[in-house]
Amino acid sequence: MFGELVPVGGGDPIPLLKKNLLVGRRESCDIVLRFSNVSAHHCQLTVTGGYWYVRDLNSRNGTKVNGVRVTEKRVDPGDTVSVAKHKYELRYSPVDLGAVGPPPPEQAEADIFSKSLLERAGLEGRKIQRIKLQPERDDEPARYDITDDRPGQLRTFKQRQEPI
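Along each chain, residues carry numbers from 1 onward, in the same order as the chain's sequence is written. Thresholds applied to this predicted model are a pLDDT of at least 70 for local features of residues and 80 or more for the giving and counting of side-chain atom pairs; totals over whole chains, interfaces and linings are not thresholded and use all residues. Side-chain descriptors were evaluated using all non-hydrogen atoms of the structure, hydrogens and water having been removed beforehand.

Chemist: Where do I start with the pairing of strand 3 (residues 20-24) in this structure?
Modeler: At least two DSSP bridges between two strands are needed for those strands to be called paired. Helix and strand definitions follow DSSP, with helices as H or I runs of at least four residues and strands as E runs of at least two, each counted in order from the N terminus. Strand direction decides the pairing type here: strand 3 and strand 5 (residues 43-48), joined by four bridges, are antiparallel. Its bridge partner being in strand 5, valine 23 is matched across the sheet by cysteine 43. Bridge count between strand 3 and strand 4 (residues 31-32): two bridges; the pairing is parallel. Bridge pairing in strand 4 places valine 23 opposite isoleucine 31.

Chemist: Is there a simple way to explain the pairing of strand 6 (residues 51-56) in this structure?
Modeler: Successive residues of a regular strand alternate their side chains across the two faces of the sheet. The buried fraction of strand 6 amounts to five of the six residues, a majority that puts the element mostly inside the structure. Where strand 5 meets strand 6, six bridges bridge the pair, whose relative direction is antiparallel. Within strand 6, the position partnered with valine 47 by the bridge is tryptophan 52. With antiparallel pairing between neighbouring strands as the criterion, strand 5 and strand 6 make up a hairpin whose turn holds two residues, including glycine 49 at a positive phi of roughly 65 degrees. Three labels apply to residues, based on accessible area from a 1.4 Å probe with only protein chains included: buried if under 20% of the type maximum, exposed if over 50%, partly exposed otherwise in between.

Chemist: It is not clear to me how the confidence of the model for the chain should be interpreted in this structure. Could you clarify?
Modeler: Regions with low pLDDT carry predicted coordinates that are not meant to be interpreted in detail. Predictor confidence is given residue by residue as pLDDT, running from a minimum of 0 to a maximum of 100. Summary statistics for the chain give a mean pLDDT of 82 and a share of 70% for residues scoring 70 or more. Mean pLDDT values over the elements of the chain span from 54, in strand 14 (residues 154-155), up to 98, in strand 10 (residues 80-83).

Below, the structure is given as C-alpha cells:
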C-alpha cells in the first residue's frame, strides 16, 4: 500500500494500491467516487520521487489541494485533496515511497514560462475569422479602399472570410 485517502468528516479510508491512480465516477477508474458532481475521469494521482501529485483532468467541478483549486500540484502528507466537494486527507510516508532529501520545488519557473498564456488558458489553436477584401464584379456596389493612397480611387470589393 502506497498510502490512503481518509474522508474528512468520517468514512472508510481508501487504500492507494498503485503508484498511478485514476479517480472518477466511472467504474473503469481505479478509485470510483459515485457522486453526481464528480466527473467521469476527474483527476489522476501519481507518485513521483516519493511524493504524491494530483492532476485535474479538466473536470467540471475541479480539484483542490488545501482549499486551492489546482491543475497539477504536489500533495504533501496530511494535505487535504478535494474532488469536487468531497474532501480527503492524504496520508503516506515519502520515505517509504523512495523520497530522498527535501521535497522537490513546487513548480520550476521554466515550467511556468514553457507555455504561452493562450496555451495555459486553453485558447491556443482556435480558428479566428479574418475578413479579406477581394475585387468583385462590376454589378456590385462600389466601396472606397481606405488602404489605397491615391486620392479619388474607387474600387469594388467583396468580403471573404478565411480561417487564419
